[in-house]
Amino acid sequence: MAFRINHIHLKSPDPRKTAEWYVQAFNFKIMSDDTRVFGDRFIRCQSEDGGMAVNISGARTGEKLGPGNASAHHGLEHFGFDSTHLETDIKRLEGLGARLLEGPIQNPNGPRICFMWAPDDTRVELIEQRKNISGGSGSCC
(Lines give C-alpha, C1' and ligand atoms only; values in the text may rest on other atoms or scores of the structure.)
Protein backbone atom coordinates (compact mmCIF):
# COMPACT_ATOMS: atom_id res chain seq x y z
CA MET A 1 0.00 0.00 0.00
CA ALA A 2 1.25 3.47 -0.86
CA PHE A 3 1.21 5.89 2.06
CA ARG A 4 -0.17 9.37 1.58
CA ILE A 5 -0.50 12.19 4.06
CA ASN A 6 -3.99 12.06 5.54
CA HIS A 7 -4.04 15.43 7.30
CA ILE A 8 -2.18 18.15 9.18
CA HIS A 9 -3.39 18.89 12.72
CA LEU A 10 -2.96 22.30 14.34
CA LYS A 11 -3.68 23.04 18.01
CA SER A 12 -5.15 26.43 18.91
CA PRO A 13 -6.52 28.23 21.96
CA ASP A 14 -9.37 29.41 19.67
CA PRO A 15 -9.87 26.81 16.91
CA ARG A 16 -12.67 28.71 15.15
CA LYS A 17 -10.67 31.93 14.98
CA THR A 18 -7.67 30.04 13.60
CA ALA A 19 -9.80 28.16 11.06
CA GLU A 20 -11.36 31.41 9.88
CA TRP A 21 -7.86 32.90 9.43
CA TYR A 22 -6.90 30.02 7.12
CA VAL A 23 -10.20 30.47 5.25
CA GLN A 24 -9.25 34.11 4.60
CA ALA A 25 -5.54 33.51 4.06
CA PHE A 26 -5.58 30.38 1.88
CA ASN A 27 -9.22 29.80 0.88
CA PHE A 28 -9.64 26.78 3.15
CA LYS A 29 -13.15 25.39 3.43
CA ILE A 30 -14.51 24.51 6.88
CA MET A 31 -15.99 21.02 6.56
CA SER A 32 -17.19 20.50 10.14
CA ASP A 33 -17.03 22.04 13.60
CA ASP A 34 -17.72 19.66 16.50
CA THR A 35 -16.84 18.96 20.10
CA ARG A 36 -15.22 15.54 20.35
CA VAL A 37 -15.53 12.97 23.13
CA PHE A 38 -12.11 14.24 24.31
CA GLY A 39 -13.77 17.58 25.16
CA ASP A 40 -11.94 19.59 22.51
CA ARG A 41 -13.45 21.72 19.78
CA PHE A 42 -12.42 20.05 16.52
CA ILE A 43 -12.69 21.81 13.17
CA ARG A 44 -12.05 19.94 9.94
CA CYS A 45 -10.85 22.09 7.05
CA GLN A 46 -9.85 21.32 3.50
CA SER A 47 -7.45 23.13 1.20
CA GLU A 48 -8.95 25.01 -1.72
CA ASP A 49 -7.93 22.30 -4.20
CA GLY A 50 -9.31 19.53 -1.96
CA GLY A 51 -5.90 17.90 -1.71
CA MET A 52 -5.15 18.39 1.97
CA ALA A 53 -7.18 18.05 5.15
CA VAL A 54 -6.21 20.38 7.99
CA ASN A 55 -7.70 19.75 11.42
CA ILE A 56 -7.67 22.51 14.02
CA SER A 57 -8.52 21.75 17.63
CA GLY A 58 -8.19 23.10 21.13
CA ALA A 59 -6.90 21.34 24.20
CA ARG A 60 -8.63 18.14 25.29
CA THR A 61 -10.29 18.11 28.70
CA GLY A 62 -7.51 18.39 31.28
CA GLU A 63 -4.80 18.72 28.62
CA LYS A 64 -2.11 21.38 29.11
CA LEU A 65 -0.55 22.61 25.86
CA GLY A 66 2.83 24.25 25.58
CA PRO A 67 3.35 27.40 23.53
CA GLY A 68 3.73 27.31 19.75
CA ASN A 69 7.06 28.01 18.10
CA ALA A 70 7.26 29.74 14.71
CA SER A 71 11.07 29.72 14.72
CA ALA A 72 13.12 27.00 13.05
CA HIS A 73 13.17 23.89 15.26
CA HIS A 74 13.38 20.10 15.25
CA GLY A 75 10.23 18.11 14.57
CA LEU A 76 7.45 19.31 12.33
CA GLU A 77 8.79 22.75 11.53
CA HIS A 78 6.44 24.31 8.97
CA PHE A 79 4.08 23.65 6.13
CA GLY A 80 4.27 25.31 2.74
CA PHE A 81 1.89 26.96 0.31
CA ASP A 82 2.48 27.65 -3.36
CA SER A 83 2.49 31.34 -4.28
CA THR A 84 2.37 32.97 -7.69
CA HIS A 85 3.88 36.22 -6.34
CA LEU A 86 5.62 36.30 -2.95
CA GLU A 87 5.48 40.03 -2.33
CA THR A 88 1.74 40.18 -3.06
CA ASP A 89 1.01 37.24 -0.75
CA ILE A 90 3.32 38.56 1.99
CA LYS A 91 1.49 41.89 1.99
CA ARG A 92 -1.94 40.19 1.90
CA LEU A 93 -1.07 37.85 4.79
CA GLU A 94 0.45 40.70 6.83
CA GLY A 95 -2.90 42.44 6.41
CA LEU A 96 -4.44 39.39 8.10
CA GLY A 97 -1.97 39.57 11.00
CA ALA A 98 0.85 37.31 9.74
CA ARG A 99 4.47 38.45 10.08
CA LEU A 100 7.41 37.92 7.75
CA LEU A 101 10.10 35.92 9.55
CA GLU A 102 12.62 35.25 6.79
CA GLY A 103 13.04 36.11 3.13
CA PRO A 104 12.20 36.33 0.37
CA ILE A 105 15.11 34.05 -0.49
CA GLN A 106 16.09 32.99 -4.01
CA ASN A 107 17.26 29.39 -3.98
CA PRO A 108 19.92 28.81 -6.66
CA ASN A 109 18.23 27.03 -9.58
CA GLY A 110 15.07 26.74 -7.52
CA PRO A 111 12.07 28.59 -6.15
CA ARG A 112 11.91 31.84 -4.19
CA ILE A 113 10.66 31.27 -0.66
CA CYS A 114 9.83 33.06 2.54
CA PHE A 115 8.74 32.02 6.01
CA MET A 116 5.93 33.68 7.91
CA TRP A 117 4.46 33.62 11.39
CA ALA A 118 0.82 32.56 11.34
CA PRO A 119 -1.72 32.35 14.18
CA ASP A 120 -0.82 30.23 17.21
CA ASP A 121 2.91 30.56 16.48
CA THR A 122 2.71 28.39 13.40
CA ARG A 123 5.46 28.71 10.78
CA VAL A 124 4.34 28.69 7.14
CA GLU A 125 6.40 28.85 3.99
CA LEU A 126 5.39 30.50 0.74
CA ILE A 127 6.97 29.02 -2.39
CA GLU A 128 7.14 30.88 -5.69
CA GLN A 129 8.42 28.68 -8.50
CA ARG A 130 11.18 29.96 -10.76
CA LYS A 131 9.93 31.62 -13.85
CA ASN A 132 11.09 30.72 -17.36
CA ILE A 133 12.32 27.20 -16.60
CA SER A 134 10.84 23.95 -17.76
CA GLY A 135 10.26 21.04 -15.40
CA GLY A 136 11.21 21.08 -11.76
CA SER A 137 9.36 20.18 -8.61
CA GLY A 138 7.16 22.30 -6.42
CA SER A 139 8.68 21.64 -3.02
CA CYS A 140 11.55 23.26 -1.32
CA CYS A 141 12.47 22.95 2.31
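In what follows, the structure referred to is the one given above.
Below is a summary of the structure that appears in this document. (Residues numbered from 1 in each chain as written. Predicted model: local features only at pLDDT ≥ 70, side-chain atom pairs only at ≥ 80, totals over all residues. Heavy atoms only, no water.)

### Considering the packing of aromatic side chains
Applying the stated criterion across every chain yields a total of 8 aromatic pairs. Between the aromatic rings of Tyr-22 and Phe-79, the centroid separation amounts to 6.2 Å while the plane-to-plane angle is 25°, which identifies the pairing as stacked. Placement of the pair is Tyr-22 in helix 1 (residues 15-26) and Phe-79 in strand 5 (residues 79-82), with a sequence separation of 57 residues. The pair Tyr-22 / Phe-79 is uniform in exposure class, with both members buried. Grouped by ring-pair contacts, the aromatic residues Trp-21, Tyr-22, Phe-26, Phe-28, Phe-79 and Phe-81 constitute a single cluster. (Phe/Tyr/Trp six-rings, centres within 6.5 Å; stacked < 30°, edge-to-face > 60°. Helix = DSSP H or I, 4+ residues; strand = E, 2+ residues; numbered from the N terminus. Buried < 20%, exposed > 50% of the residue type's maximum accessible area, 1.4 Å probe, protein only.)

### Comments concerning the environment of Ala-118
Topologically, Ala-118 is positioned in strand 7 (residues 112-118). Judged by relative accessible area, Ala-118 falls into the buried class, the value being 0%. Sequence separation of Ala-118 and Glu-77 is 41 residues, and the distance between their C-alpha atoms is 13 Å. Setting aside anything within four residues of it in sequence, one finds Ala-118 in contact with Trp-21, Tyr-22 and Val-124. (Contact = heavy atoms within 4.5 Å.)

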